[in-house]
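Next come the chains, spelled out residue by residue.
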Amino acid sequence: MAKYIFITGGVVSSLGKGVAAAGCGALLQSRGYTVHARKFDPYLNIDPGTMSPFQHGEVYVTNDGYETDLDLGYYERFLGAQLSRNDSVSGGRIYWDVLNAERHGDYLGATVQMIPHVSNKIKEYISAPTDTDFVVCEIGGTVGDIEGKIFLESIRQFANDVGRHNVMFVHLTLAPYLEKSGELKTKPTQMSARELLENGIQADMLIVRTPRMLTPAERDKIGMFCNLPAKSVISGIDVDNIYKIPLAYEAQHVFDIIADHFGLPHARGDMTRFDRIETYLSADIPTVTVGVVGKYFNVPDAYKSLNEALFHAGIQNNVHIKIKQIDAETFTPEDCRDVSGILVPGGFGVRGVSGKIASAQYARENRVPYMGICLGMQVAVIEFARNVLGIENAGSSEFSSDCTPVIGIMAACDAENMGGTLRLGAYPCDVTPDTLAHKIYGATSISERHRHRYEMDIGLEQKFASAGMIISGRSPDGRLPEMIELKNHPFFIAGQFHPEFQSSPYPGHPMFNAFVAACKHN
């Protein structure tokens with residue numbers, strides 16, 4: 001059977017449990033083990049799909065069309081795994097399943113309770129088959145949160161169900177440094193580990209977030225008060241790039257701790273892919289500035305996958321990427337004077353749309369490399385319709401009912417792959433030969449992930465094409481435009497999909513790689 005590693009967190013939120021989980025998984029993969037990852041969030045939303053980017057950050061979309069926590073992006077990028085709707089589970093979804101089962105009569109009239117009904121449902125998701133050697137499960141929130149207690153109880157039960165030798169508990173905590181006294185304080189970690197133990201869970205390894213490496217004396221102290229060997233206390237030091245985390249764990253023999261717990265042989269890991277990234281980060285190479293025209297910059301994680309995809313493309317093109325954040329609500333042409341390329345990401349709502357349209361116009365008229373994602377494709381179409389085709393009131397049904405809708409309501413989708421009225425998940429796209437899109441992908445059939453509600457009106461295809469904007473990718477039935485590009489432009493392409501969701505640091509993504517290459521030579 002698979003072995004399970006549970007990652008919990010204490011003291012404060014946002015310590016980096018997702019990166020820690022992915023880092024542990026990467027160490028296992030480096031020794032040849034197969035790894036799957038799951039995220040359990042105690043909050044009561046059914047999924048993150050309706051949560052504001054300003055509060056939650058990015059909504060990540062899986063191939064099967066599920067709106068998930070952004071940590072699944074870490075897992076897919078680090079581990080190369082393809083995750084699904086069963087790998088992002090919220091408290092709301094758990095309660096929804098249990099209450100629907102009760103209404104359906106599945107409990108045969110029994111009194112429905114937190115234990116065993118809710119805890120059993122959580123354990124069902126934990127133990128869903130994966131065909132891998134390890135399953136790394138992150139438990140969201142912080143130990144002590146009211147809504148998270150049933151999740152801690154469930155993993156405590158699960159360890160008893162499958163055998164303690166098949167389960168490892170890793171707890172992420174904080175050791176703050178007080179400048180006035182010049183001390184690193186271990187008490188918060190001690191209290192967090194104790195609170196975890198009050199829930200019946202003894203941590204097998206502690207990863208202590210700290211601005212510097214813990215001293216042997218500090219590790220001894222933490223180990224003594226937290227009831228585990230000092231060697232199992234790891235310094236979760238701050239790094240300037242998340243892909244250095246596996247190397248930091250490797251240097252502290254984290255795999256050996258995992259191996260000892262599960263009775264695995266010690267083995268040297270192949271860390272080549274992370275060494276390559278570390279070398280790239282310190283390399284003296286040119287820097288390319290990309291202007292990202294968006295509206296969610298107040299939250300660092302709102303464009304997490306997008307920023308990662310640009311970073312990955314920088315690796316492939318041997319250039320460093322500097323992202324210039326351009327506020328779509330206050331956009332002026334002057335914002336783009338010092339950028340080598342313009343990228344307009346996805347988004348919802350009318351706010352900032354005029355700035356995004358203006359940025360597409362600037363890129364078209366000044367022959368600056370342009371890449372549009374989802375809404376970034378739609379604003380390029382609207383701009384072209386207004387300023388090249390002369391349709392003065394061209395617009396989108398999303399923003400106004402008083403316009404000529406060159407972007408209309410979605411024509412078709414699979415009912416099973418919908419979230420409300422969104423077209424979600426991976427869909428095939430036929431790429432037209434002898435186009436920029438075909439040159440980028442090197443294929444006539446691709447698959448990309450979607451998260452949108454509106455489409456370009458394909459009935460206008462010939463009118464656009466005669467003026468220089470062609471549809472270079474479309475759904476296999478020919479009804480839905482998936483990609484557009486300008487024929488007489490150095491690099492101007494946009495997709496209705498979100499290619500950032502399928503980028504990884506190792507090969508990058510074809511569309512981002514090509515965009516950064518164009519920026520490099522601009």
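Numbering of residues starts from 1 in every chain and runs along the sequence as written. Per-residue local features of the predicted model are confined to residues with pLDDT of at least 70, and side-chain atom pairs are confined, for both listing and counting, to 80 or more; whole-chain, interface and lining totals are unaffected and use all residues. Derived side-chain values reflect all non-hydrogen atoms in the structure, with water molecules and hydrogen atoms excluded from consideration.

Caption draft 1: Focus on the overall build of the protein. When you go through the protein residue by residue, the secondary structure sums to 17 helices and 24 strands. C-alpha atoms define the radius of gyration in this analysis, and the globule rule sets the expected value at 2.2 Å times the number of residues to the power 0.38. Taken over C-alpha atoms, the radius of gyration comes to 25 Å for the protein, in line with the 24 Å a tight globule of 522 residues would show. C-alpha extents for the protein along the principal axes are approximately 75 × 65 × 45 Å. We call two residues in contact whenever any of their non-hydrogen atoms come within 4.5 Å of each other. Long-range pairs, those at least 24 residues apart, make up 72% of the contacts in the protein with a sequence separation of at least 6. Numbering of helices and strands starts at the N terminus; helices are DSSP runs of H or I of at least 4 residues and strands are runs of E of at least 2.

Caption draft 2: Molecular detail of the nonpolar core. Of all hydrophobic cores here, the largest spans 55 residues; its most connected members are Ile5 and Phe78. Not counting residues up to four positions away in its chain, the partners in contact with isoleucine 5 are Leu28, Phe134, Val135, Val136, Cys137, Met168, Val170, Ile258 and Phe262. Among the nonpolar cores identified, the runner-up in size contains 38 residues, and Val339, Met377, Leu486 and Ala494 belong to it. Each nonpolar core is a collection of buried residues, namely Ala, Val, Leu, Ile, Met, Phe, Trp, Tyr and Cys, held together in the definition by side-chain atoms within 4.5 Å. We call a residue buried when its accessible area falls under 20% of the maximum for its residue type, exposed when it is over 50%, and partly exposed in between, using a 1.4 Å probe and counting protein chains only.

Caption draft 3: Main features of the packing of helix α12 (residues 304–317) against helix α17 (residues 510–520). Fitted lines through C-alpha atoms serve as axes, helices being fitted only where they are in contact, and the angles separating the N-to-C directions of these axes extend from 0 to 180 degrees. Contact geometry for α12 and α17: axes closest at 8 Å, N-to-C directions at 65°. For the pair α12 and α17, the sense of crossing is right-handed. For the pair formed by α12 and α17, the contact residues are Leu306, Ala309, Leu310, Ala313, Gln316 and Asn317 on the first element and Phe512, Asn513, Phe515, Val516, Ala517 and Lys520 on the second. By the convention adopted, Pro, Cys, Tyr, Trp, Phe, Met, Ile, Leu, Val and Ala count as nonpolar, Lys, Arg, Asp and Glu as charged, and the other residues, Gly among them, as polar. By residue class, the composition of the contact of α12 with α17 is 8 nonpolar, 3 polar and 1 charged. The hand of a helix crossing depends on one turn: near helix anticlockwise from the far one by less than a right angle means left-handed, and clockwise means right-handed.

Caption draft 4: Layout of helix α3 (residues 71–79). Burial within α3 is extensive, with 9 of its 9 residues counted as buried. Here α3 has its buried residues at Asp71, Leu72, Gly73, Tyr74, Tyr75, Glu76, Arg77, Phe78 and Leu79. Backbone geometry just downstream of α3 places glycine 80 in the positive-phi region, at approximately 65°.

Caption draft 5: Structural detail: the pattern of salt bridges. Definition used for salt bridges: Asp or Glu carboxyl oxygen within 4 Å of a side-chain nitrogen of Lys or Arg. Here the structure, examined in full by the defined rule, presents 29 salt bridges. Here lysine 39 makes a salt bridge to aspartate 71, at a shortest N to O gap of 2.8 Å. On the criterion of sequence distance, the pair formed by lysine 39 in strand β2 (residues 35–41) and aspartate 71 in helix α3 is long-range, its members being 32 residues apart. Using a relative accessible area of 3% as the deciding quantity, one classes lysine 39 as buried. Among the ionic pairs, lysine 39 bridges to glutamate 138, the shortest N-O distance being 3.5 Å. On the criterion of sequence distance, the pair formed by lysine 39 in strand β2 and glutamate 138 in strand β6 (residues 134–139) is long-range, its members being 99 residues apart. Side by side, lysine 39 and glutamate 138 carry an identical accessibility label, which is buried. A single network of salt bridges, built from pairs that share partners, joins Lys39, Asp41, Asp69, Asp71 and Glu138.

Caption draft 6: Fine view of the packing of helix α4 (residues 91–104) against helix α5 (residues 114–126). In the contact formed by α4 and α5, the axes pass within 10 Å of each other and the chain directions differ by 115°. Two packed elements cross with a definite hand, and for α4 against α5 that hand is right-handed. Note on element contacts: α5 touches α4 through Met114, His117, Val118, Lys121, Ile122 and Tyr125, opposite Arg93, Ile94, Tyr95, Asp97 and Val98. In terms of residue class, the contact of α4 with α5 is made up of 7 nonpolar, 1 polar and 3 charged.

Caption draft 7: Quick look at the sheet that holds strand β5 (residues 88–90). For two strands to pair, DSSP has to find at least two bridges joining them. Across the sheet, 7 strands lie side by side as β5-β2-β6-β1-β7-β10-β11; this open sheet has parallel pairing. Whereas interior strands pair on both sides, the edge strands pair on one side only; in this sheet they are β5 and β11 (233–237). Each strand axis lies, on average, 20° off the axis of its neighbour in the sheet, ignoring direction. Relative to β11, strand β10 (residues 205–210) is paired through 5 bridges, and the arrangement is parallel. Considered in β11, the bridge of leucine 206 is made with valine 233. Along the sheet, helix α10 (residues 254–262) contacts β1 (3–9), β6, β7 (167–174), β10 and β11; its crossing angle with β7, the most-contacted strand, is approximately 145°.

Caption draft 8: Summary view of the side chain of histidine 117. Tracing the chain through its elements places histidine 117 in helix α5. Relative accessible area serves as the criterion here: at 13%, histidine 117 is assigned to the buried category. We define a polar contact as two N or O atoms separated by no more than 3.5 Å, with the added condition that, inside protein, one atom must be a possible hydrogen donor and the other a possible acceptor, whereas residues neighbouring each other in sequence contribute only through side-chain atom pairs. A polar side-chain atom of histidine 117 sits 3.0 Å from the main-chain amide nitrogen of glutamine 113. Filtering out sequence-adjacent residues up to four positions away, histidine 117 remains in contact with Val98, Tyr107, Ala110, Thr111 and Val112.

Caption draft 9: Quick look at the packing of aromatic side chains. Each pair of aromatic rings taken from Phe, Tyr and Trp, with Trp reduced to its six-membered ring, is defined by centres within 6.5 Å and is described as stacked if the planes are under 30 degrees apart, edge-to-face if over 60, and tilted in the remaining cases. Here the structure, examined in full by the defined rule, presents 19 aromatic pairs. Taken together, a centroid distance of 4.9 Å and an interplanar angle of 25° make the contact between phenylalanine 78 and tyrosine 243 stacked. Remark: tyrosine 243 occurs in the loop between β11 and α9 (245–251) and phenylalanine 78 occurs in helix α3; sequence separation between them is 165 residues. A relative accessible area of 0% means that phenylalanine 78 is categorised as buried. Tyrosine 243 gets classed as buried once you look at its relative accessible area, which sits at 0%. Plain terms: the ring middles of tyrosine 370 and phenylalanine 492 are 4.4 Å apart, the flat faces sit at 15° to each other, and that makes the pair stacked. Note that tyrosine 370 is positioned in strand β15 (residues 370–373) and phenylalanine 492 in strand β24 (residues 492–495), a separation of 122 residues in sequence. Among the residues examined, phenylalanine 492 registers a relative accessible area of 0% and is labelled buried. Ring-over charges, as used throughout, are those where CZ of Arg or NZ of Lys falls within 6 Å of the ring centre and within 35 degrees of the ring normal. Here lysine 187 stacks its cationic end above the ring of phenylalanine 225, 5.9 Å away from the centre of that ring.

Caption draft 10: Highlighting the confidence of the model for the protein. Per-residue confidence from the predictor is given as pLDDT, running between 0 and 100. Per-residue confidence for the protein averages 93 on the pLDDT scale, and 98% of its residues sit at or above 70. Under a pLDDT of 50 for its full length, residues 411–419 has, in the predicted model, 24 contacts with residues more than four places off or in other chains.

Caption draft 11: Inspection of the side chain of asparagine 317 at higher detail. Tracing the backbone shows asparagine 317 in helix α12. Side-chain polar atoms of asparagine 317 contact the backbone oxygen of asparagine 513, separated by 3.1 Å. With near-sequence residues (within four places) excluded, asparagine 317 lies in contact with Asn513, Val516, Ala517 and Lys520.

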